[in-house]
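Notes for the structure review
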Amino acid sequence: MAGNLRLSQAAMLSGPAKLSAVTGLVDELTQDLLSNNLDPLRRDAALEELKIYGRDPRNADPIFTKEGIEMLTKHAFDSSSDTTSRNALRCLCNALLLRKECRQTFVDLGYEAKVCNKLKNDNRDDEFLVSRIVFLTTYDTDTKLEELIDNYDLADSIIKNLERHAKHYADGEPTKDPMQEMALAETLKLLFNITHYCKQRTSSFTQAISPISTILCKGRFQTDKPLDPPTGALVNALLNLELEAKEAWASLYPPDDPMAVSDRLIELLEQSRIKYKDEDLEGSVTALIRVLQAIHEHAPQDVQISIRQKLLPGEADRKQALGRSDSLPSWLLQNSTNPVAPQFRNTVSDLLFDLSDRNASKFVENVGYGFASGILYNKNISLSQDASVAGGSERPINPVTGQFLDLERFSDVPEMTEAEKEREAEKLFVLFQRLQANGIISAENPLRTAMEEGRFEELPDDYTEDVD
């Protein structure tokens, strides 16, 4: 009770009073390292109180000095008490988060071996705290990630922790311990940063694909949005890994259920299109599209067919112009022209093109000229004159909209006069000329062909149309 009262009072201190309290605690804990004179309960209480003060760097300067960081590091990694170690780790995490200059100070202390060794502990608090510390040191420091992997088993420790999580989530039941999910998310963030900043050691983490796939498919998390942590972190972690590696195939395309991973990713995409607004797509859903693209690229044929059936427009979508239904393929088509999220737009366009074997003609068959033309133009790909838009269907399809011709509806307007038709033909002629000049199409202008063959009649100025 007295301890809680003391912590409550600490949270209310500010200004010179807070600075005085912080200075006293830092001096007390520093002296303890030399003389070991503090009672364990007092030592832990002092660290907990210091953690409260350290949440706000104002009037807490002694914590963020070289001496303060060194004192916290020694209590965190040299103490024989797990409680003392974790209390100091929490203070250290706050310090490295709030003041980036403290990260290099920590790295310069040379505690790499002890940091990586503590990450081996089968304890979620240690996993969370140490993973966060290493994660923070990947920014604004000269930490040698290669050495941590090669000399201190960092990759093995991360993989082992992920395997523990996979075993925990294997039954598909939501966890009751919040630290379980927090530790998982922190490990995944660390994995992403290491494989991003140390690409030359990415192969050291290939074995992580198996537990990540297991957690992704079987883990069930209570989140507001489908890609909130840790689910989004699971997807992001796959982004940098070597998904094409042969040893990853059994995990990504398990023999008993080859579509398990791809179906789960598509399920998340289906949920995301409902939950995320346009302005959120760029930062939240782009990675999911990229992982799906990689899964499709390296998948066996049956998995590729399954992905295409779920993501490319089907017969139901062609009952109206493509992109107008409320299906997932229509949503993807709509976002292939999304002006609000350019990175997401380009990633979706790449996915749709990949689903068409990166073949321009197949691409037009799948999405119609209307969507395909702009994407192909941006990729500097010209479309051959004999490109088909039948899409393998026996029913005729509008080449521009992708809709079945027999389902098209036309507005009840009077038929154009011959003069109006001539004006529209002139507009089309000019449009074709411009498209050809810009390299967007290579097809021959049909109006020019008609004129050269004598099938185009120019009306005289005094022409009058016969009226019945």
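Now for a quick tour of the structure. (Residues numbered from 1 in each chain as written. Predicted model: local features only at pLDDT ≥ 70, side-chain atom pairs only at ≥ 80, totals over all residues. Heavy atoms only, no water.)

Within the chain, the regular secondary structure consists of 23 helices and zero strands. Considering the chain as a whole, with its 468 residues, one finds that 45% of them fall into the buried category. The long-range share in the chain, meaning contacts at least 24 apart out of those at least 6 apart in sequence, stands at 68%. Element-wise, carbon and sulfur atoms account for 48% of the exposed surface of the chain, whose accessible area totals about 24,300 Å². (Helix = DSSP H or I, 4+ residues; strand = E, 2+ residues; numbered from the N terminus. Buried < 20%, exposed > 50% of the residue type's maximum accessible area, 1.4 Å probe, protein only. Contact = heavy atoms within 4.5 Å. Areas by Shrake-Rupley, 256 points an atom, 1.4 Å probe, with all protein chains shown as cover.)

Attention now moves to the nonpolar core. Counting residues in hydrophobic clusters, the biggest one holds 116 residues, and the most contacted among them are Leu 50, Ile 212, Leu 269 and Leu 311. Looking at which element gives the most residues to this core, the answer is helix 21 (residues 360–378), with eight residues. Excluding anything up to four places from it in sequence, Leu 311 contacts Ile 266, Leu 269, Leu 292, Leu 328, Pro 329, Leu 332, Leu 351, Leu 352 and Leu 355. (Core = buried A, V, L, I, M, F, W, Y, C linked by side-chain atoms within 4.5 Å.)

A separate point is the environment of Asn 338. On the secondary structure map, Asn 338 appears in the loop between helix 19 (328–335) and helix 20 (342–355). Take Asn 338: its relative accessible area is 4%, and that puts it in the buried class. It is 8.1 Å that separates the C-alpha atoms of Asn 338 and Asp 278, two residues lying 60 residues apart in sequence. Among the polar contacts listed, one links the side chain of Asn 338 to the backbone nitrogen of Val 340, at a separation of 2.8 Å. (Polar contact = N/O pair within 3.5 Å; in protein donor to acceptor, adjacent residues only side chain to side chain.)

Okay, the environment of Lys 144 next. In this fold, Lys 144 is placed in the loop between helix 8 (124–136) and helix 9 (145–152). Note: C-alpha distance between Lys 144 and Glu 112 (32 residues apart in sequence) is 9.4 Å.

Looking now at helix 6 (residues 101–108). Looking at helix 6, one finds that the buried residues are Cys 102, Arg 103, Phe 106 and Val 107. The buried residues of helix 6 occupy an angular sector of 140 degrees when projected down its axis, which confines them to one face. The elements touched by buried residues of helix 6 are helix 4 (66–78), helix 5 (82–98), helix 7 (112–118) and helix 8. (Arc of directions from axis to C-beta.)

Helix length check: helix 17 (residues 286–297) (twelve residues) gives 17 Å between terminal C-alpha atoms against 16 Å at 1.5 Å per residue, within 8%. In terms of burial, helix 17 is largely enclosed, as ten of its twelve residues are buried. (Expected span 1.5 Å × (residues − 1).)

Considering all chains together, one arrives at eight aromatic pairs under this definition. Taking the centre distance of 6.3 Å and the plane angle of 40 degrees together, the rings of Phe 77 and Phe 106 count as tilted. With Phe 77 in helix 4 and Phe 106 in helix 6, this residue pair connects regions lying 29 residues apart in the sequence. You'll find Phe 77 and Phe 106 in the same group, each marked buried. An aromatic cluster is built from Phe 77, Phe 106 and Tyr 111, whose rings are joined through pairwise contacts. The cationic tip of Arg 99 hangs over the ring face of Phe 64; the distance from NZ or CZ to the ring centre is 4.7 Å. Residue placement shows Lys 189 over the ring face of Phe 135; its charged tip is 4.8 Å from the ring centre. (Phe/Tyr/Trp six-rings, centres within 6.5 Å; stacked < 30°, edge-to-face > 60°. Lys NZ or Arg CZ within 6 Å of the ring centre and 35° of its normal.)

Scanning the entire structure with this criterion turns up 25 salt bridges. Residue Arg 86 pairs with Asp 126 through a salt bridge whose shortest N-O separation is 2.9 Å. Of the two residues, Arg 86 is situated in helix 5 and Asp 126 in helix 8; the sequence distance between them amounts to 40 residues. Take Arg 86 and Asp 126: they sit in the same class, and that class is buried. (Salt bridge = Lys/Arg side-chain N within 4 Å of Asp/Glu carboxyl O.)

Bringing the side chain of Lys 18 into the picture now. As for its position among the elements, Lys 18 is in helix 2 (residues 15–35). For the buried residue Lys 18, which engages in no salt bridge, the nearest side chain bearing the opposite charge is Asp 56, 4.6 Å off. A polar contact of 3.3 Å, which involves the side chain of Lys 18, links it to the backbone oxygen of Tyr 53. Apart from residues lying up to four places away in sequence, Lys 18 is in contact with Leu 13, Tyr 53, Asp 56, Arg 58, Asn 59 and Ala 60. (Lys, Arg positive; Asp, Glu negative; His and termini not counted.)

On to the side chain of Asn 87, then. With respect to the helices, strands and loops of the structure, Asn 87 is situated in helix 5. With sequence-adjacent residues up to four places away left out, Asn 87 is seen in contact with Asp 44, Leu 47 and Glu 48.

On to the state of the cysteines, then. Evaluated as defined, the whole model comprises zero disulfides. Unpaired in terms of disulfides, Cys 93 finds its nearest cysteine sulfur in Cys 91, a separation of 9.4 Å. (Disulfide = S-S within 2.5 Å.)

Taken N-terminus to C-terminus, the directions of helix 12 (residues 209–218) and helix 15 (residues 260–275) make an angle of 50 degrees; their axes are 9 Å apart at the nearest point. Between helix 12 and helix 15, the interaxial angle falls into the category oblique. Along this stretch, helix 12 crosses helix 15, giving a crossing that reads as left-handed. Where helix 12 approaches helix 15, its residues Ser 213, Leu 216 and Cys 217 are matched on the opposing element by Ala 260, Val 261, Arg 264, Leu 265 and Leu 268. (Axes fitted to C-alpha atoms, helices over the stretch in contact; angles between N-to-C directions. Parallel < 35°, antiparallel > 145°, perpendicular 65-115°, else oblique. Left-handed = near helix turned anticlockwise from the far one by under 90°.)

With that out of the way, let us pick up the packing of helix 20 against helix 21. Packing of helix 20 against helix 21 leaves a shortest axis separation of 10 Å and a crossing angle of 155 degrees. When the axes of helix 20 and helix 21 are compared, the pair comes out roughly antiparallel. Pair helix 20 / helix 21 crosses with left-handed handedness. Mapping the contact onto sequence places Ser 349, Leu 352, Phe 353 and Leu 355 in helix 20 and Ala 360, Phe 363, Asn 366, Ile 375 and Leu 376 in helix 21.

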